[in-house]
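# Observations on chain architecture
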Amino acid sequence: MQDRFMDEVQTWSAEGHTPTGRSGHRISCSESFLYCVGGYNPSCGPLQETWRLNLSTCEWEQISDPSNTPKASVSHCLTSCGRDLLMMGGTSFPFGSLLSSQVEACDVNTGQWRSLGTSGHSPPQLYGQAVRRLGDNMYVVGGTSGYHFSMHAHALHLPTLTWTCLAPHGILKDGEPQGRYRAEVGVVPGRLVVVGGADAYNVFFLDELPVLSLDTGKWEMVKTHPDPLVNAYPSPRRCHAAVQKDTELYVIGGTDGSEVQSDVWKLDLIYLTWTKVNLQLPKPLYFHDAALTKSGYLYVYGGLSSIGSTDRSSTVYRARLDTPPLLEAAWESFTHCPALKTTPSASSTAPTARDLLAAGVPRNLVIRLGNLKKGRASNLKEERCDY
């Protein structure tokens, strides 16, 4: 079966100012918005800012700038909790010159960042870590100082903001994996699985993966199973992107240092079996990022297409991983209305939140049209984004 390509999202901004292309950023999705934090562009340097893309109108809006965005905004960790984006780790430019282990929170309704006080055994100050949230815990693995590569594994219990060290990393013991950065991670009850990544000399293969037992704190290198149809594994890679859907991890793009990939693979985190997905990026990418909505839309943003390039992508791609619920399909059709892609002040025909509610559009869908600056649906708040 021929692979299908992800769709390019045609984005815009009422202010005529959209985010510059970037790498080393992180993204997160709610049902309403794609959030992008930080990144790097060689023409601009580190991008100390936060943007959000309205997924219904495809409009970009900048919600924070360097005056109130954390400085370590390149190759950091990003997840969500309630109405907050949570950022940890990261660096600035020159890479490794600034390191952080501080947990920062951004209120998605105001764009304001604040530092959170945590307790327990926090991770070391690194960048390029892998992160995954499962339930009440945010798991952080690996990373680099620019000179040393780590395989530290920590969990932050979000209700109490307490760190637990799951596996320290010092002198390598037999069977323990090498330290790495720009890997990805999947988590299921009792098990944490690290996919790919690199150190100063190696880009790691994906036929054998580091698996951490969350019960014993012990690492084990475990052989995976190839795709039974093509009898193959994904190629070695770093700087790939990944999203987790239930017990499956989707791995998107990446590079081995010489070739850049556009493929998509799926790893069953229980049985460690690979499946090549009939889906491709329209162009190869690495140092990009990906996020998944609750209704099953996969979004990919940013990155580079060739080794050593100075060009960073500003394109958003998306694809459905499964059939949408009927309400989501109806909303998607409704949002093709051109009037939704204008401000109420720019068009007398642009509907307001009150108009849509009076017409019977469910409140939770009207919320998705919210915009901080223009006040559309200004009396309605963004829904929780903790998935």
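Residues numbered from 1 in each chain as written. Predicted model: local features only at pLDDT ≥ 70, side-chain atom pairs only at ≥ 80, totals over all residues. Heavy atoms only, no water.

### Section: the overall build of the protein
Test applied: Secondary structure elements are taken from DSSP: a helix is a run of H or I of four residues or more, a strand is a run of E of two residues or more, and numbering for both begins at the N terminus. For the radius of gyration, the atoms used are the C-alpha atoms, and the globule rule reads 2.2 Å times the number of residues raised to 0.38. Buried means the residue's accessible area, taken with a 1.4 Å probe over protein chains only, is under 20% of the maximum for its type, while exposed means over 50%, and partly exposed covers the values in between. Contacts: residue pairs with any heavy atoms within 4.5 Å of one another. The accessible surface values rely on the Shrake-Rupley method and a 1.4 Å probe; as for residues, cover is taken only from the protein chains in view. The charge count treats Lys and Arg as positive and Asp and Glu as negative. His and the chain ends do not count. Here the site of a charge means NZ on Lys, CZ on Arg, CG on Asp, or CD on Glu.
A tally of regular secondary structure across the protein gives three helices and 28 strands. For a compact globule of 387 residues, the expected C-alpha radius of gyration is about 21 Å, and the protein comes in at 20 Å, within 12% of that figure. Principal-axis analysis of the C-alpha atoms places the extent of the protein at approximately 70 × 50 × 40 Å. By residue count, 56% of the 387 residues in the protein fall in the buried class. Considering only residue pairs separated by 6 or more positions, the protein has 55% of its internal contacts joining residues 24 or more positions apart. Surface summary for the protein: the accessible area is close to 16,200 Å², and the carbon and sulfur share equals 51%. Side chains of the protein carry 34 positive and 37 negative charges; the gap between the two charge centres is 4 Å.

### Focus: the environment of Asn109
With respect to the secondary-structure elements, Asn109 resides in the loop between β11 (103-107) and β12 (113-116). Since its relative accessible area comes to 15%, Asn109 is described here as buried. Between the C-alpha atoms of Asn109 and Leu356, which are 247 residues apart in sequence, the distance is 21 Å.

### Examining the confidence of the model for the protein
Interpretation of the predicted coordinates at a detailed level should be avoided for regions scoring low in pLDDT. Short version of the rule: The predictor attaches a confidence to each residue, called pLDDT, with possible values from 0 through 100.
Per-residue confidence for the protein gives a mean pLDDT of 91; residues scoring 70 or more make up 91%. In this model residues 375-380 is a low-confidence stretch, pLDDT under 50, and it forms 18 contacts with partners more than four residues away in sequence or in other chains.

### What about the pattern of salt bridges?
Under the convention used in this document: Think of a salt bridge as a Lys or Arg side-chain nitrogen and an Asp or Glu carboxyl oxygen that are within 4 Å of each other.
Throughout the structure, instances matching the rule amount to 14 salt bridges. Between Arg368 and Glu328 there is a salt bridge whose closest N-O contact spans 2.8 Å. Of this pair, Arg368 sits in the segment after α3 (363-366) while Glu328 sits in helix α1 (residues 326-334), placing them 40 residues apart in sequence. Of the two residues, Arg368 and Glu328, both sit in the buried class.

### With respect to the nonpolar core
For clarity, the cut-off: Nonpolar cores are built from buried Ala, Val, Leu, Ile, Met, Phe, Trp, Tyr and Cys residues. Side-chain atoms within 4.5 Å join them into one set.
Among the nonpolar cores identified, the biggest contains 17 residues, and Met6, Ile252, Leu279, Leu281, Ala290, Leu298 and Val300 are the most heavily contacted of them. Looking at this core, the elements that each hand over two or more residues are β22 (241-245), β23 (248-255), β25 (273-280), β26 (289-292), β27 (297-301) and β28 (316-320). Once residues within four sequence positions are removed from consideration, Ile252 is found in contact with His240, Ala241, Ala242, Asp263, Val264, Leu281, His288, Ala290, Leu298 and Val300.

### Looking at unusual backbone geometry
Phe93 connects to Pro94 through a cis peptide bond whose omega is 0°. Looking at where Pro94 falls in the secondary structure, it is placed in the loop between β10 (84-88) and β11. Unusually for a residue other than glycine, Leu161 sits at a positive phi of about 55°. Inspection of the secondary structure assignment puts Leu161 in the loop between β16 (149-157) and β17 (162-167). A positive phi angle, near 55°, is found at Phe287, a position not held by glycine. With respect to the helices, strands and loops of the structure, Phe287 is situated in the loop between β25 and β26. Exposure remark for Phe287: the relative accessible area of 18% places this residue in the buried category.

### Some remarks on the sheet that holds strand β20 (residues 208-213)
Put simply, the rule is: Any two strands are treated as partners once DSSP identifies two or more bridges connecting them. Interaxial angle, 0 to 180 degrees, is taken between N-to-C directions of lines fitted to C-alpha atoms, where a helix line uses only the stretch in contact.
The four strands are arranged β18-β19-β20-β21 in an open sheet whose pairing can be described as antiparallel. Two strands in the sheet have a free side with no partner beyond their single neighbour: β18 (184-188) and β21 (219-223). Averaged over all adjacent pairs, the angle separating strand axes in this sheet is 30°, with direction ignored.

### A word on the sheet that holds β16
Read across the open sheet, the five strands follow the order β13-β17-β16-β15-β14; overall the sheet is mixed. The outermost strands of the open sheet, each flanked by one partner alone, are β13 (119-120) and β14 (130-134).

### Points about the pairing of β27
Counting buried positions along β27 yields five of five residues, so the element is predominantly enclosed. Here β27 shows two buried faces, one formed by Tyr297, Tyr299 and Tyr301 and the other by Leu298 and Val300. Note: β26 against β27, four bridges, orientation antiparallel. In the strand pairing of β27, Ala290 is matched with Val300. The antiparallel pairing of β26 with β27 creates a hairpin that spans four residues between the two strands, and Gly296 there sits at a positive phi of about 100°. Direction of pairing for β27 relative to β28: antiparallel, over a ladder of five bridges. What sits directly across from Val300, in β28, is Tyr317.

### Comments concerning the side chain of Asp199
The cut-off we apply is this: The term polar contact refers here to a pair of N or O atoms within 3.5 Å; inside protein, the definition further demands a hydrogen-donor-capable atom paired with an acceptor-capable atom, and it admits residues adjacent in sequence only when both atoms are side-chain atoms.
One can find Asp199 in the loop between β19 (191-195) and β20. The buried charged residue Asp199 lacks any salt bridge, with Arg180 as its nearest oppositely charged partner at 7.5 Å. Looking at Asp199, its side chain comes within polar contact range of the side chain of Gln178, at 3.5 Å. Within the structure, Asp199 has its side chain in polar contact with the backbone nitrogen of Tyr201 (distance 2.8 Å). With residues up to four places along the chain from it excluded, the contact list for Asp199 reads Phe149, Gln178, Gly179 and Phe204.

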